[in-house]
Amino acid sequence: MADNETSSVSKMANPAGLGLLAFGMTTVLLSLHNLGLFDLDSAIISMGVFYGGVAQVVAGLFEFKKGNTLGATAFTSYGFFWLTFVMINTGVVPGVPAADGASLGAYFAIWGVLTLFLFIGTLKSPRTLQIVFLTLALLFFVVAAKDATGISEIAYVAGVIGVVSGGTAMYTAFGEVLNEQHGRAVLPLG
């Protein structure tokens, strides 16, 4: 095999576009539910398992291969977040009691703590990625408050924050993919 063939075959694509789109699109879909536009149904659950869950885990594994600890930790963690979220909402383990407000509040709060920690890791990253993590941390804490207090109206606030966080993740993914493809800043990331 010629050297130029070897180098083109061994070049690894950036998995961030896939991971950010999987996170962003799934978050926007769930957030539209939180805004009251439709019920939690098989569209959200399926998206949570396959795109939010599996696709992010795959992106995270490729970030490990690239040596990007922050990306690997974030994508695999949030991929498994979506899988646990689906399991919590579908009750697929027979005989295990459903989660209550206190345990759900704690569940979302610890995800908020992780996200705040990862946000600190993004401070040398593009501004759009910082916005994704900061709004996601806020989203987790707001959802934790909703579940812990039982105040259902807080879900609307979570929906708004989730659309911003997921939408920013989608924009960042579009920028990552298009900017790399065109070799210039088609979409500014800050």
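Model, not experiment: these values are computed from the prediction.

Before going further, it helps to spend a moment on the overall build of the chain. When helices and strands are tallied, the chain shows seven helices and zero strands. Taken from N to C terminus, the helices and strands of the chain fall in the order α-α-α-α-α-α-α. For the chain, the C-alpha radius of gyration of 18 Å lies close to 16 Å, the compact-globule estimate for 190 residues. A principal-axis box enclosing the C-alpha atoms of the chain has dimensions of 60 × 35 × 30 Å. Out of the 190 residues belonging to the chain, those deemed buried represent 41%.

Approximately 470 Å³ is the volume found for the largest pocket. Along the walls of the largest pocket sit 24 residues, with Leu30, Asn34, Phe85, Phe108 and Val143 positioned nearest its centre. Its residues placed into classes, the lining of the largest pocket shows 17 nonpolar, five polar and two charged. In this structure, the second largest pocket is lined by 14 residues; those nearest its centre are Ala16, Glu63, Asn68, Leu129 and Glu176. For the lining of the second largest pocket, the elements supplying multiple residues, two or more each, are helix 2 (16-34), helix 4 (69-90) and helix 6 (127-149). For the lining of the second largest pocket, the element with the highest residue contribution is helix 4, accounting for four residues. Classifying every residue of the lining of the second largest pocket by side-chain character gives eight nonpolar, four polar and two charged.

Across its 19 residues, helix 2 extends 26 Å between first and last C-alpha, which sits within 8% of the 27 Å expected from 1.5 Å per residue. Of the residues flanking the end of helix 2, it is Gly36, one or two places downstream, whose phi is positive at about 90°.

Among the structural elements, Leu30 can be located in helix 2. The buried category is assigned to Leu30, whose relative accessible area is 12%. Once the C-alpha coordinates of Leu30 and Thr168 are considered, the two residues, 138 residues apart in sequence, prove to be 15 Å apart. Aside from chain neighbours lying at most four places away, what touches Leu30 is Leu40, Ile44, Trp82 and Phe85.

Attention now goes to empty space enclosed by the protein. Under the criterion given, the structure shown has one cavity of 30 Å³ or more. The calculated volume of the largest cavity comes to roughly 60 Å³. Every residue along the wall of the largest cavity is listed here: Leu20, Phe23, Gln56, Ala74, Phe75, Tyr78, Val132, Phe133 and Leu136. Where the lining of the largest cavity is concerned, the elements lending two or more residues are helix 2, helix 4 and helix 6.

Scoring rules and cut-offs
Residue indices follow the written sequence of each chain, beginning from 1 at its first position. In keeping with the model being predicted, local features are shown solely for residues with a pLDDT of at least 70 and side-chain atom pairs are shown and tallied solely at 80 or more, while totals for entire chains, interfaces and linings include all residues. For the side-chain quantities, the full set of heavy atoms in the structure was used; hydrogens and water were omitted. Strands are runs of DSSP state E lasting at least 2 residues, helices are runs of H or I lasting at least 4, and numbering of each runs from the N terminus. Atoms considered for the radius of gyration are the C-alpha atoms alone. The globule rule reads 2.2 Å times the number of residues to the power 0.38. Throughout this description, buried means an accessible area under 20% of the type-specific maximum (1.4 Å probe, protein chains only), exposed means over 50%, and partly exposed covers the range between. The definitions used throughout rest on a 1 Å grid laid over the protein atoms alone, on which a cavity is an enclosed set of points accommodating a 1.4 Å probe that cannot get out and a pocket is an open set flanked by protein within 12 Å on both sides along at least five of seven lines; lining residues are those having an atom within 4 Å of a point. Grid points are joined across faces, edges and corners, and a volume is the space filled by probe spheres set on the points. Residue classes follow a fixed rule: Ala, Val, Leu, Ile, Met, Phe, Trp, Tyr, Cys and Pro count as nonpolar, while Asp, Glu, Lys and Arg count as charged, and any other residue, Gly among them, counts as polar. A helix is expected to reach a length of 1.5 Å times the quantity of its residues less one. Should any heavy atoms of two residues lie within 4.5 Å, those residues are considered in contact.

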